[in-house]
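Below are the chains, spelled out letter by letter.
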Amino acid sequence: MVTLPSRSRPGRKARLWPSSACFSIVLVCLLAAFAGRADDSPASANPPAQAASPPDQTDQNAAPAPQNPPQTTNPPQAANAPYSVGQATVTATRASRTILDTPGNVTVIDRATIEQSGVRDLPELLRREAGIMVTNTTSGPTGYDVEARGFANGSGGGSSMLVLVDGRRTNEPSTSVTDWALINLDDIDRVEIVRGPTSALYGDNAVGGTIQIFTRGGEGKPQFDSHTVYGGYGTIGGSHHTLEQSLHAGGTDGPLTASLFADYDSSNDYRDRAEFRSRDIESSFRYAFTDRIALSFSGGYQDYQSQLPGTLTAAQIQPCTLADRFEIALGTIPPTFCGLGPQAASPSLNQNFDDATVRHASMTLEVTPIDNLLITFSPYTWTKHDTSASGDPSFVFSGDNDQQAYGLNTQAQIDAPLFELRNRFIFGSDLRREDDSLNSNLSTLGMPSSPETSRSSRETWALYAQEELHLTDDLLLSGGVRYDEASDNLEQTMAPTPTVNFSNILKAWSPRGALTYRISEPASVYVSYAHSFRFPSLLELAGVFGQNPLLKPQTSDNYEVGFKWRSQRVTAGLALYLMEVHNEIIFDSSVPEFGVIGGESVNIERTRHRGLEASLSVRPTGYLELYGSYTLDDARIVLDPFTDLDGDRVPITPVHRGTAGFVLKLPYDFDIGMNANIVGSRYLANDFANTLPQLPKFAVYDLVVGFRPMAFSERLGLQVTFAIRNLFNRQYSEFGARQTFVVPPPTPSDVGFYPSPQRYFVVGLTIRARP
Amino acid sequence: MRRATLASRLAGIGLLAALGTAGSLRADELAAAPPHARSPKVVVDAIAHGPSVDARLEEIRRRIQENVAYPPLARWHDVAGAAVVEFEVTDQGRTQGVRLAQSSGTALLDNAAEHAVTTVTGLPVVHGRLSIPIRFELTGGE
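Residues numbered from 1 in each chain as written. Chains lettered and ligands numbered in written order. Predicted model: local features only at pLDDT ≥ 70, side-chain atom pairs only at ≥ 80, totals over all residues.

A. Summary view of the overall build of chain A. Summing up its helical and strand segments, chain A has seven helices and 35 strands in all. Going through the 771 residues of chain A one by one, you find that 47% of them count as buried. Taking all contacts inside chain A whose residues are at least 6 apart in sequence as the whole, residues at least 24 apart take part in 65%. (Helix = DSSP H or I, 4+ residues; strand = E, 2+ residues; numbered from the N terminus. Buried ≥ 20, exposed ≤ 12 C-beta atoms within 10 Å, placed from the backbone. Contact = placed C-beta atoms within 7 Å.)

B. Examining the overall build of chain B more closely. If you tally the helices and strands in chain B, you get five helices and three strands. When the elements of chain B are put in sequence order from the N terminus, they spell out α-α-α-α-β-β-α-β. For chain B, the residues scored as buried account for 42% of the 142 residues in total.

C. Broad picture of unusual backbone geometry. All names here are of chain A. In the Ramachandran plot, N583 falls in the positive-phi region, its phi being about 60° despite a non-glycine side chain. Within the fold, N583 resides in strand β24 (residues 570-588). In this structure, I652 is a non-glycine residue whose phi angle is positive, near 70°. Relative to the helices and strands, I652 is located in the loop between β28 (624-639) and β29 (656-665).

D. Structural context of the sheet that holds strand β8 (residues 188-195) of chain A. Residue and element names in this part refer to chain A. Within the open sheet, the five strands sit side by side as β3-β8-β9-β6-β7. Their pairing is mixed. Strand pairing shows two members of the sheet lacking a second neighbour, β3 (105-110) and β7 (168-169), which therefore form its edges. Pairing analysis gives seven bridges linking β8 to strand β9 (residues 209-215), with the strands arranged antiparallel. In the strand pairing of β9, I188 is matched with T215. (Pairing = 2+ DSSP bridges.)

E. Expanded view of the nonpolar core. In this structure, L122(A), I132(A), V146(A) and I213(A) are the most contacted members of the largest nonpolar core, which totals 53 residues. Beyond its immediate sequence surroundings of up to four residues, V146(A) is in contact with P123(A), L126(A), I132(A), V134(A), G158(A), M161(A) and W180(A). A88(A), A95(A), A294(A) and V68(B) belong to the second-largest nonpolar core, a separate cluster that totals 41 residues. (Core = buried A, V, L, I, M, F, W, Y, C linked by C-beta atoms within 7 Å.)

F. Representation of the environment of F722(A). All names here are of chain A. Structurally, F722 is set in strand β32 (residues 716-725). A residue is classified by how many C-beta atoms lie within 10 Å of it, and F722, with 16 of them, is partly exposed. Considered as a pair, F722 and Y202 are 520 residues apart in the sequence and their alpha carbons are 39 Å apart. Residues in contact with F722, not counting those within four places in the same chain, are V705 and V763.

G. The environment of D54(B), seen in detail. Counting through the fold element by element, D54(B) comes out in helix α3 (residues 53-67). When the C-alpha atoms of D54(B) and V84(B) are compared, they prove to be 19 Å apart, with 30 residues separating the residues in sequence.

H. Fine view of the confidence of the model for chain A. On average, residues of chain A carry a pLDDT of 84, and 86% of them reach 70 or more. Segment residues 1-79 of chain A is flagged for pLDDT under 50; beyond a separation of four residues in sequence, or across chains, it makes 166 contacts in the model. (pLDDT = per-residue confidence, 0-100.)

I. Inspection of helix α5 (residues 107-119) of chain B at higher detail. With 13 residues, α5(B) ought to run about 18 Å at 1.5 Å a step, and its terminal C-alpha atoms sit 18 Å apart, in line with that. Of the residues making up α5(B), those classed as buried are A107(B), L108(B), L109(B), D110(B), N111(B), A112(B), A113(B), A116(B) and V117(B). (Expected span 1.5 Å × (residues − 1).)

J. Inspection of the pairing of strand β20 (residues 475-494) of chain A at higher detail. Residue and element names in this part refer to chain A. Pairing of strand β19 (residues 450-470) with β20 involves 19 bridges; the strand directions are antiparallel. Each residue of the ladder has a partner; that of E452, found in β20, is M494. One ladder, built from 18 bridges, connects β20 with strand β21 (residues 500-520); its direction is antiparallel. Looking across to β21, one finds that S487 is bridged to I505. In this structure, the hairpin formed by β20 and β21 is closed by a connection of five residues.

K. Structural context of the pairing of strand β15 (residues 351-367) of chain A. All names here are of chain A. In this sheet, β15 lies alongside strand β14 (residues 293-307) in antiparallel orientation, the contact comprising 15 bridges. Across the sheet, residue G299 finds its bridge partner in β15, namely A361. Two strands pair when backbone bridges link them, and β15 and strand β16 (residues 373-392) are joined in this way by 15 bridges, in the antiparallel orientation. From the neighbouring strand, N352 faces β16, where its bridge partner is S390. Hairpin connection from β15 to β16: five residues lie between these consecutive antiparallel strands.

L. Layout of the confidence of the model for chain B. Residues and elements named next belong to chain B. Across chain B, the average pLDDT comes to 72, with 63% of residues at 70 or higher. Between the elements of chain B, mean pLDDT differs from a low of 31, seen in helix α2 (residues 27-30), to a high of 93, seen in strand β1 (residues 81-89). Low confidence marks residues 1-44, where pLDDT is under 50. Its contacts with residues over four positions away, or in another chain, come to 60 contacts. Across the interface, the model reports ipTM at 0.72; the global pTM reads 0.83.

Below is the structure:
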C-alpha cells in the first residue's frame with residue numbers, strides 16, 4: 001500500500017520523509033521478493049567455475065581439462081562447483097539500424113552519461129547537444145522549452161519537437177507542447193535524439209527533431225537505487241534550494257520483469273515565487289509468455305504544484321540609479337521600478353501558479369509469429385488536470401484545464417529480402433483521440449467576471465509505410481510515407497455572446513527518402529529529403545487568448561547532408577540542413593486585441609531555416625574524453641505579405657552557439673568534468689520585427705566532481721557527485737520577451753526578462769544495492 | 001526444487017512488512033534451499049571405454065549449442081548477453097536438475113538458455129554436475 005503525502009499548496013511545507021519512508025517500505029518488499037529468486041540461484045554466492053576439476057578423474061581416458069577461454073562474465077572457481085563443458089554461442093543479425101546507417105543526425109545519451117553529468121533535469125543535459133535549443137522561464141522544471149533547427153522562436157514552446165516516452169507521445173493535446181516537469185531524469189535509461197524531421201514515421205510535431213526517451217524498467221538482476229539530490233543557490237540551508245529523493249527497484253524473475261519508481265521533489269528554485277513540489281510514482285511490468293509473445297504494462301501518477309515567477313524589467317534586475325532613487329522619493333515611480341535583483345519575482349503579479357495532476361497507462365503486446373516479423377499493438381490512455389491562476393490585486397485570470405488522450409498504435413516490421421537484397425519493411429497505423437476542456441475566468445476589480453469555456457476534440461488516424469533496402473553492403477536506400485488526417489470539433493462560449501461551433505479537417509502527407517553510404521568501417525555519409533508538418537494545437541485554434549480558427553498546418557521540406565564517424569576513440573557528426581517552411585505558426589503579438597497589443601497565432605507564409613550542426617568527442621586515452629559542439633541556425637522570414645516582416649530573423653534562436661568540455665577519470669574512482677555552454681545574441685520573443693535590442697550572448701561554465709566506487713562491493717555501490725553550475729557567477733537571461741498587452745508602439749521598457757540562475761551547487765548521492 | 005512464486009512471496013513479504021518484521025527477515029530465508037546443496041558432487045565416471053571425457057564434454061557442448069535458438073523477440077530488441085545453466089546428464093542421455101546459475105539479465109535469453117538445456121537429447125553420459133555458459137551475440141551492429 002502506498003500512502004502519498006497530502007497534496008500541499010505552494011508555500012506550505014511539504015512532508016518529505018514520511019512519504020519517502022512509505023515508498024521505501026513498498027520498494028523493499030518488492031526487492032525482497034526478487035531477492036528470493038536471486039538466492040534461489042547460487043550464482044551470486046557460489047558461481048559456476050570455468051575450469052573446475054574434470055568429473056572423470058579416475059577415467060582411464062581422462063585427459064587434461066579442456067582449455068576453456070577465461071570468461072569475464074563468470075566469477076572465479078569455487079569448491080565443488082559444477083564443471084563447465086565450454087561455451088555455447090548463438091548469433092543472430094541485429095535488428096536495429098546502427099547510427100552509421102541512420103540517415104540523420106542522431107545522438108544517444110546512455111544512463112552512464114546521465115549519472116556522470118550530475119544534472120537535475122533532462123533539458124539541462126540536452127543543452128549540451130548540437131542543434132538542441134533549451135530555454136527556461138521559471139528556473140524550475142516547469143519552465144523548459146526544447147526546440148531545434150530554428151523553431152525556438154518564443155511562441156511555439158516546443159511544439160515543433162516531438163517527445164516520446166517509451167513510444168508514448170508527450171506533446172499535449174491542448175498546447176502540442178511537452179511538459180518537461182513530468183519527465184523524471186532518475187527514471188531514464190536512454191535518450192535518443194534525432195535532429196530534423198521524422199514526420200514520415202511519427203506524424204505531427206516531428207519537425208525540428210524527435211527525442212525518444214526510454215525509461216529504466218527492471219530488466220536484469222534485482223537492483224535497488226536510492227538517489228538524493230540537494231542543491232543550493234547561495235548558501236547551504238538558504239531559502240532557495242532544491243531537494244529531490246527518488247527510489248527505483250526492479251528485476252527479472254523468470255518470465256516476469258517488474259519495476260517501481262517513486263520520486264519526491266521539494267524545491268524553492270533560484271527565483272522568488274518559484275516553488276516546485278512534485279510527487280511521482282511509476283510502475284512497469286513485462287511478461288514474456290514465450291520467446292515470441294510478450295505483454296508489457298506501464299502506468300503512473302504524478303502531481304506537481306508550481307509557482308511561476310514572471311518577468312522583470314532590466315531596471316528591476318539592475319541596482320537603482322541615483323535618478324531612480326530621487327524619483328522614487330518623489331513618488332513619480334513606484335519603489336518596485338528598480339533594484340529588485342535577478343532573483344525577485346515579478347512585482348506586478350501577486351499570484352501566478354500552475355498545479356497539475358497526471359495519470360497514464362499503456363500496454364504493449366508484441367508478437368513474432370515468424371522469426372522475421374514483429375507485430376506490436378499499443379493502446380494507451382493519458383489524462384491531465386491543470387489549475388492555474390495569474391493576477392495582481394486588481395485582476396485574477398484563472399483556468400481549469402482537463403486534457404485527455406487515448407489511442408492505439410499498431411505496427412508490423414518484417415525483414416525479408418527484396419530482389420535478394422537485405423530489406424526491411426515497416427507499416428503501421430496510429431489512432432488517437434484528444435480532448436481539451438478549458439474553463440477560464442477573468443475577474444477584474446469592480447467589474448463582473450467574464451467566464452469563458454472551450455471544448456475541443458481531435459480525432460486523428462494515420463497510416464504509414466517505411467522501406468529500408470541495402471543496395472549493397474555499404475549503400476542503404478531508405479524511404480517512407482505517412483498520411484495523417486485529423487477531425488477537429490471546437491466549441492467556444494464567451495458570455496454573453498452565443499456559443500460558437502466549428503469543425504475542421506486537417507490532412508498531411510509526409511514523404512521522405514534518403515541514401516546512406518558507408519565510406520569505411522567507422523564512417524558514413526548521407527543525403528536526405530523529408531517533408532514534415534505540425535497541426536495547429538487545439539489551444540491555438542480555440543484557446544482563451546490569441547486563438548485563430550483559420551490557422552493552417554505548418555509544413556516543411558527538409559534537405560540535408562551529413563557525415564558521421566564512430567570509432568573507439570573518436571565520435572564525430574556533421575549535418576548541413578536547409579528547411580523551407582510553409583505556414584510556420586507563430587504568436588504574432590503585434591495584432592491588436594482588446595484595444596492594446598494582444599496578439600494572435602498566425603501563419604507566416606514562408607520561412608527558411610538553414611544551418612549546421614557539428615559535434616566531436618575524442619577519447620585519447622581511457623581516462624580522458626574531450627568533447628565539443630557547434631550549431632549555426634539561420635532562421636528567417638522569407639515571405640509574409642501581411643506583416644511586412646520579410647527578411648527578419650526568427651527570435652530566440654541564436655545564430656551561433658556551442659559547447660565544450662572534458663571528463664577526466666582520476667584514481668580511486670574519482671572523476672572531474674567541466675562543461676562550457678556558449679550562446680550567441682538573439683532577438684527577444686515577440687520581436688519578429690527585429691527592432692528591439694537583442695538578448696546578450698553569454699557563456700556559462702559548469703564543474704562536476706564525481707566519486708563512484710560502484711564496484712567496491714558485489715552487492716553495494718555508491719556514487720557521489722558534486723557540481724557547481726555557473727561557476728563564474730554570470731548574470732544573464734536565457735529568455736526574454738517583448739511584453740504582450742502593452743500600448744503600441746513597443747519600447748525597450750516593455751521588455752521582460754527571465755533571469756537565469758547564478759552560481760549554485762548540487763550534491764547527488766546514489767546508493768545502489770544488488771541483493 | 002521448491003520455488004515460491006513471485007505472487008506468493010510478495011504476499012508473504014507484504015504481510016511480514018505489515019507486521020513490522022520485514023527488517024529482521026533475510027530474503028533468502030524465504031527462498032528455497034540452494035539446489036547445489038542437494039546436487040551430487042563430482043563422482044567417478046563408470047564408463048571405462050569409449051570417447052574421452054573431453055570428447056564427451058565437447059559433444060555435450062555441441063549438442064546444446066545446436067539446440068539453442070536466438071529468441072526472436074530478443075533479436076528484435078537488440079538484446080544480447082550470456083546465461084550460465086547447470087545440469088546433470090542422465091543415463092538416457094537427457095538432462096535433469098536444470099537450473100539457471102547465472103542470469104543474462106534478460107528473461108528472454110535466460111528462458112531460451114534453460115529451454116535449450118532442458119530439451120536437448122542424445123548426450124553422452126558424464127556423471128557429475130555440469131555447467132554451460134550460453135552466449136547470445138548480435139552481429140552487424142555497433
